[in-house]
Amino acid sequence: MLIPLLCIQKQLNAQNQSQVVQGKVTSLGDNTSLPGVSVLLKGTNTGTVTGIDGEFTLEVPSGESVLVFSFVGFSTEEIVVGNRQTINVTLSEDITTLGEVVVIGYQTVRKEDLTGAVAVITPEASKRVSANSLAESIQGLAPGVTVRNGGGPGEGASIDIRGVASFTNTNPLYVIDGMIADANPTINTNDIASIQILKDASAAAIYGSRAANGVIIITTKQGKEGPAKISASAKYGVQQIANRWDLMNSAEFAAMQRRQYENSGETIPSSVTDVNPEIDTDWQDEVIRTGNIQDYNVTLSGGSETSSYLVSGSYFKNEGAIIGQSFDRSSLRVNTKSKVGRITFGENLLLSNSFDRSPGDGNPFYDMPQMLPVIPVQSDDYISATNPEGWGIGSIDAVTYAWNSVAVNSIDSRRANFAKLVGNAYVDVEFTDWLYYKFNAGVEVSFDHVKNVHEYGVWRFNAPDYPSTINEERSRYSSLLFEHTLNFKKELGAHSINGVLGYSQQSSTREFTSAGRSNLMVYNGRYYKTIGSATGDAVADGGIPVDYSIYGYLGRVNYVYNDKYLLTLTARLDEDSRFGANYRQGFFPSVAAGWRISEESFFNLDKVSDLKLKASYGELGINPVGSWDYTAFINTNPRAIFGPNEDVNVGSTQARLANPDLKWEERVVKNIGIEAGLFRNSLLISVEAYDALSKDNLLQLPVGGYLGNLGGNPFVNAGSIRNRGIEAAVTYRSYGSDLKWDASFNITTIKNTVEDVGNRGEGIDYIQIGNTRTQVGRSIGEWYVLETDGLFQSEDEVLNYTNSEGTVIQPFAKPGDVKYVDHNDDGTINVEDRTFAGSPWPTLQTGAQFNVSYKQFSLNAQFVGVFGTVIYNDVRKVLDSYQRTNFRADINPWTPENTNTSDPRIGLDTEQGIIDNNLGNTDRWLENGSYVRLRNLELGYALPEIFMDRTGLESGRLFISAQNLFTITPYSGLDPDVTGNGIYERGLDNGNWPSSRVFSLGVQLEF
């Protein structure tokens, strides 16, 4: 017995003694040496890197040590040292980096077999940003994807994929775990496992009639085989408005207004002559506050060989940086999957409940700069019968028509509650090892309640007297999806074929009921905010604004020969009830091909690991119309009195013409691309060029009201838009033993051209909306305004500014007034002199990400760049018109002694010259909206192994981040990232909510 014990003791001593291990790392594919492979002692920072011949030498503390071999593009290997002194390792190519699986709709394919244009965004990149919605979180992370942020709590962002395909609807299609539903702010972004963006016809045609604006496929997290794991994360951030308008205080304002009245020879008002030194209101300080963002998540997951589960709960809250604005969301997700024999079944369900609170009216970013500093927020001097709270609204001597935003927040409130269920359940049957059937049932149900309460009072000078009111709307939205698909995958020697055939149907309905009443009851100064407690006139409404069904037959075949030649054929036939009976069906085919040149025998470039050419062509559809646009509107308001008893009879008239021949908008997309992997795929490059022509776009062409069309112009398939551009993305990864880093960069060019706007009358090939013109041969919504040419410097210059016939063009102008260009030489300035002055669409978009880690520390930086946009600064238009508003602190009005300025003379709009200076349809208010922004900067620290051993943690990480830390831009407004006012006025900044600066602290733990 003693001898075996001695042998065991000798073996233990050997294992506890340090030893030197050496060896060589090679590639499984071609047995070549792999230099630069990280060889790390697991659980420590001790390690080395293989040399140019793939060899390494490392001292380890014992035979129980585990070595971790990792190299970009290859699978990581872990090997127990034991009593070996030589360890030779063979690494195989990693399918997650080289053969990454991409979800393309009803299928997954290897990335190297992909023929379409698909962008893949990792959640690790998107979730670094504190965002209300998925759209906001992916800005700058993928080429061809334009994101414009709303900024407010609970406000979603706008996404355009490869430009705009329609005059009316540019929203992409969202598919969440197989359910077609909107990924709005009610969806928890922390549940997301992968994001795929389908950009061309080959990738998106499987979704047919709804895919022309692009498709975003979201897959949520699933449990994995193994014991139960608990992961938790918490983040708290402070939110700030990064920029403010630099405005005058009360003394500066009074001095400038005195000068204004004197220049126009008018009597100076008492608000200027008798300035109250105790009143100096900074309206931005009164309305802007330090907001905060809180984000908490807990997940329980695990599974066995035959089943898995994931249950997550989250709470997100955003107290906005403007008073009265907040959004909070609670959600619970349950994802399970089980397998019994050849049958797999499961579900992905999300329950969420969110609240959005805000003032019921107004735009503080438009009103704050205008409000006069000599007006108090609230004062007894303003108390009146219509203003019982004494809100500061101005007076006859201090006139402004801007809204008191503090008063709006107190008097008018809006509270919205959205309770939502969205998810799917499925059954997958494996008939054979190459043939699968899947039934998928999806559901989205939302119960919405919006309540608006208006207490008695006013917030604007000379405002009409409205009674207190309450209005409530309750609605229910439901969408049901049923799909049957048959997937097949077969290998026949060098031939590989896979595909899907299926049938899909989806029905969506929204019903609403609303009611309201005036004259709320007030007791002891407290309002009773229920409809039943009000005593005034009651109103009620209700209807079904959404009610439609879509049926589709779909199919796709992917063929690969010898891993070299790729072919994809896709088609979908859709039928949609929203069109007239004549054109409810549409067919949407696509074809794509690829050639992996790197697999050819003649290709001998060692540094090029992978090289693929691809091209595609296809047709996609868009349906921007509502459920009832194909039919006429009936007006039942007419009454007629006739008969012996003079009875009142209800009549009806057709209030809107119908177009029974409405049909799909169609987008024909051509795409070519090249993808390359260099230096064992440590450097990845992709370049795509696309040409997308939208045809039969729906427009509302003008029709005379005398034809019985008082309800609005009917839709007609008459428009056409073309989008062309180039996308490029570059990623480089470098991994050492301690220092690891990667960088990626993407660029996008998009040029949209209007091809047709329909028959609008003789000589009219444009759509005029506000100060924009959408004209054939140009971009959508280009600025079409008067051109300025500096300021008049003398009376002689005014008189000498004549047309070819000697007519003085601006006879009412004075020195210091704005000079306009008389383009048509008719001797006067009017709308006929307008010209194109810039486009709101960027000529270049860029995004960049950089990650570096050293031992426990990591650093991430994300940049966004947008170039070539022209923005109409409507807030500056109000300020620099000098009328009934505060002034910028740095204005420099023209005077005979101050001629070197771009600001015209200051005066009252009782003079024609001053009125002309302030015309809204001029390029005076246009600015360069290009910018470069540090979107996010994050510093992380991974908790050391010794700490995790003591606490029982599997992993842990602390991080701090700064979001929107700085923006480099020539734009003078608060933020050049504007959402605009619809597609035709994309570059209009009329008080756009700016992106907030957020400083956050967070922790991520896994048990």
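Residues numbered from 1 in each chain as written. Predicted model: local features only at pLDDT ≥ 70, side-chain atom pairs only at ≥ 80, totals over all residues. Heavy atoms only, no water.

Positive phi values are uncommon outside glycine, yet Asn 524 reaches one of about 55°. By the element assignment, Asn 524 lies in the loop between β26 (522–523) and β27 (526–527). Given a relative accessible area of 71%, Asn 524 falls into the exposed group. One non-glycine residue with positive phi stands out, namely Glu 646, at about 50°. Here Glu 646 lies in the loop between β33 (639–642) and β34 (647–650). (Helix = DSSP H or I, 4+ residues; strand = E, 2+ residues; numbered from the N terminus. Buried < 20%, exposed > 50% of the residue type's maximum accessible area, 1.4 Å probe, protein only.)

Glancing now at empty space enclosed by the protein. Over the atoms, a rolled probe matching the size of one water molecule traces out where space is still vacant. Applying the stated criterion to the full structure yields 7 cavities of 30 Å³ or more. The calculated volume of the largest cavity comes to roughly 350 Å³. Around the largest cavity, the lining is made up of 29 residues, and of these Thr 146, Arg 148, Pro 842, Gln 845 and Val 866 lie nearest the centre. At the level of elements, β11 (145–148), β39 (739–757), β46 (844–854), β47 (857–867) and β48 (870–873) are the ones that each hand at least two residues to the lining of the largest cavity. In this model, the second largest cavity occupies a volume close to 120 Å³. In this structure, the second largest cavity is lined by 16 residues; those nearest its centre are Ser 130, Glu 136, Gly 151, Gln 239 and Ser 996. (1 Å grid on protein atoms, 1.4 Å probe; cavity = no way out; pocket = protein on both sides within 12 Å on 5 of 7 lines; lining within 4 Å. Points joined across faces, edges and corners; volume = space filled by probe spheres on them.)

A few words now on the sheet that holds strand β15 (residues 192–198). Taken together, the 5 strands give an open sheet; going across it, the order is β10-β15-β16-β13-β14, and neighbouring strands pair in mixed fashion. Each having just a single partner strand, β10 (118–121) and β14 (179–180) make up the two edges of the open sheet. In the sheet, strand β13 (residues 173–176) pairs with β14 via 2 bridges, with the strands oriented antiparallel. Bridge pairing in β14 places Val 175 opposite Ile 180. (Pairing = 2+ DSSP bridges.)

This part is about the packing of aromatic side chains. Within this structure, the stated rule accounts for 20 aromatic pairs. Seen in terms of ring centroids, Phe 167 and Tyr 984 are 6.4 Å apart; in terms of plane orientation they differ by 20°. Their pairing is stacked. Linking Phe 167 in the loop between β12 (158–161) and β13 with Tyr 984 in the loop between β52 (967–968) and β53 (988–989), this pair joins segments that are 817 residues apart in sequence. Accessibility classification places Phe 167 together with Tyr 984 in one group, the buried group. By the ring-pair criterion, three or more aromatic residues cluster together here, those being Phe 253, Tyr 882 and Phe 887. Note that Arg 584 overlies the ring of Tyr 630, its terminal NZ or CZ placed 5.4 Å from the centroid. (Phe/Tyr/Trp six-rings, centres within 6.5 Å; stacked < 30°, edge-to-face > 60°. Lys NZ or Arg CZ within 6 Å of the ring centre and 35° of its normal.)

Here we take up the environment of Gly 154. With respect to the helices and strands, the residue Gly 154 is situated in the loop between β11 and β12. We classify Gly 154 as buried; its relative accessible area is 18%. For the pair Gly 154 and Phe 857, spaced 703 residues apart in the sequence, the C-alpha separation amounts to 33 Å. For Gly 154, the residues in contact, after removing those within four places along its chain, are Asn 132, Pro 185 and Phe 327. (Contact = heavy atoms within 4.5 Å.)

We now examine a negative patch on the surface. Negative charge collects at one region of the surface, where Asp 246, Glu 252, Asp 280, Asp 282 and Glu 286 lie side by side. By the secondary structure assignment, Asp 282 is in the loop between α6 (270–273) and α7 (283–287). (Patch = residues over 30% accessible without salt bridge, like charges linked within 9 Å, V, L, I, M, F, W, Y side chains within 5 Å. Areas by Shrake-Rupley, 256 points an atom, 1.4 Å probe, with all protein chains shown as cover. Salt bridge = Lys/Arg side-chain N within 4 Å of Asp/Glu carboxyl O. Lys, Arg positive; Asp, Glu negative; His and termini not counted. Charge placed at Lys NZ, Arg CZ, Asp CG, Glu CD.)

Confidence in the prediction of the protein chain, expressed as mean pLDDT, is 90, and 96% of residues score 70 or more. Segment residues 1–16 is flagged for pLDDT under 50; beyond a separation of four residues in sequence, or across chains, it makes 7 contacts in the model. Here residues 95–99 is a poorly scored stretch, pLDDT under 50, and it has 11 contacts once near neighbours within four places are set aside; other chains count. (pLDDT = per-residue confidence, 0-100.)

Right, let's talk about the UniProt feature "domain: TonB-dependent receptor plug" (unreviewed entry) in the protein chain for a bit. UniProt records the feature "domain: TonB-dependent receptor plug" (unreviewed entry) for residues 111–215 in the present numbering. The annotated region residues 111–215 carries 11% helix and 25% strand content, and the separation between its end C-alpha atoms amounts to 17 Å. (UniProt positions renumbered as here; feature names shortened; annotations may be inferred.)

Counting residues in each nonpolar core, the largest one holds 38 residues, and the members touching the most others are Ile 322, Phe 365, Ile 375, Val 406 and Phe 887. For this core, the element with the most residues is helix α9 (residues 405–411), which contributes 4 residues. The residues touching Phe 365, leaving out its near neighbours within four places in the chain, are Ile 241, Ile 322, Val 875, Leu 974, Gly 991, Asn 992, Trp 993 and Pro 994. (Core = buried A, V, L, I, M, F, W, Y, C linked by side-chain atoms within 4.5 Å.)

Looking now at the pattern of salt bridges. Taken as a whole, this structure holds 49 salt bridges when the rule is applied. For Glu 472, the salt bridge is made with Arg 474, and the minimal N-O distance between the two is 3.6 Å. A residue is classified by how much of its surface remains accessible, and Glu 472, at 15% relative accessible area, is buried. A residue is classified by how much of its surface remains accessible, and Arg 474, at 51% relative accessible area, is exposed. Between Asp 975 and Arg 933 there is a salt bridge, with the nearest N and O atoms lying 2.6 Å from each other. Placement of the pair is Asp 975 in the loop between β52 and β53 and Arg 933 in strand β50 (residues 931–942), with a sequence separation of 42 residues.

To continue, consider the side chain of Ser 508. Within the secondary structure, Ser 508 sits in strand β25 (residues 495–518). A distance of 3.5 Å separates polar atoms of two side chains, one belonging to Ser 508 and the other to Tyr 477. When residues no more than four places from it in sequence are discounted, the contact partners of Ser 508 are Tyr 477, Ser 478, Ser 479, Val 546, Asp 547 and Tyr 548. (Polar contact = N/O pair within 3.5 Å; in protein donor to acceptor, adjacent residues only side chain to side chain.)

A surface patch of nonpolar side chains, about 670 Å² in accessible area, is lined by Tyr 561, Tyr 565, Trp 595, Phe 602, Leu 613, Ile 674, Val 687 and Ile 726. Summarising the element assignment, Leu 613 is placed in strand β31 (residues 608–622).

Let's shift gears to the side chain of Glu 985. Counting through the fold element by element, Glu 985 comes out in the loop between β52 and β53. Comment: no salt bridge for buried Glu 985; closest opposite-charge side chain is Arg 986, at 10 Å. In this view, Glu 985 contacts Ile 769, Gly 770, Asn 771, Thr 772 and Gly 980; residues no more than four positions away in its chain are not counted.

A few words on the environment of Glu 78. Mapped onto the secondary structure, Glu 78 falls in strand β6 (residues 77–80). For Glu 78, a relative accessible area of 46% puts it in the partly exposed group. Residues Glu 78 and Lys 42 lie 36 residues apart in sequence; the distance between their C-alpha atoms is 8.4 Å. Not counting residues up to four positions away in its chain, the partners in contact with Glu 78 are Lys 42, Val 66, Leu 67 and Val 68.

Let's shift gears to the pairing of strand β23 (residues 435–454). Of the pairings in the sheet, the one linking strand β22 (residues 412–430) to β23 comprises 19 bridges and is antiparallel in character. Bridge pairing in β23 links Phe 418 to Asp 448. Joining the antiparallel neighbours β22 and β23 is a turn of 4 residues. With 20 bridges connecting them, β23 and strand β24 (residues 469–492) associate as antiparallel partners. From the neighbouring strand, Val 450 faces β24, where its bridge partner is Glu 473.

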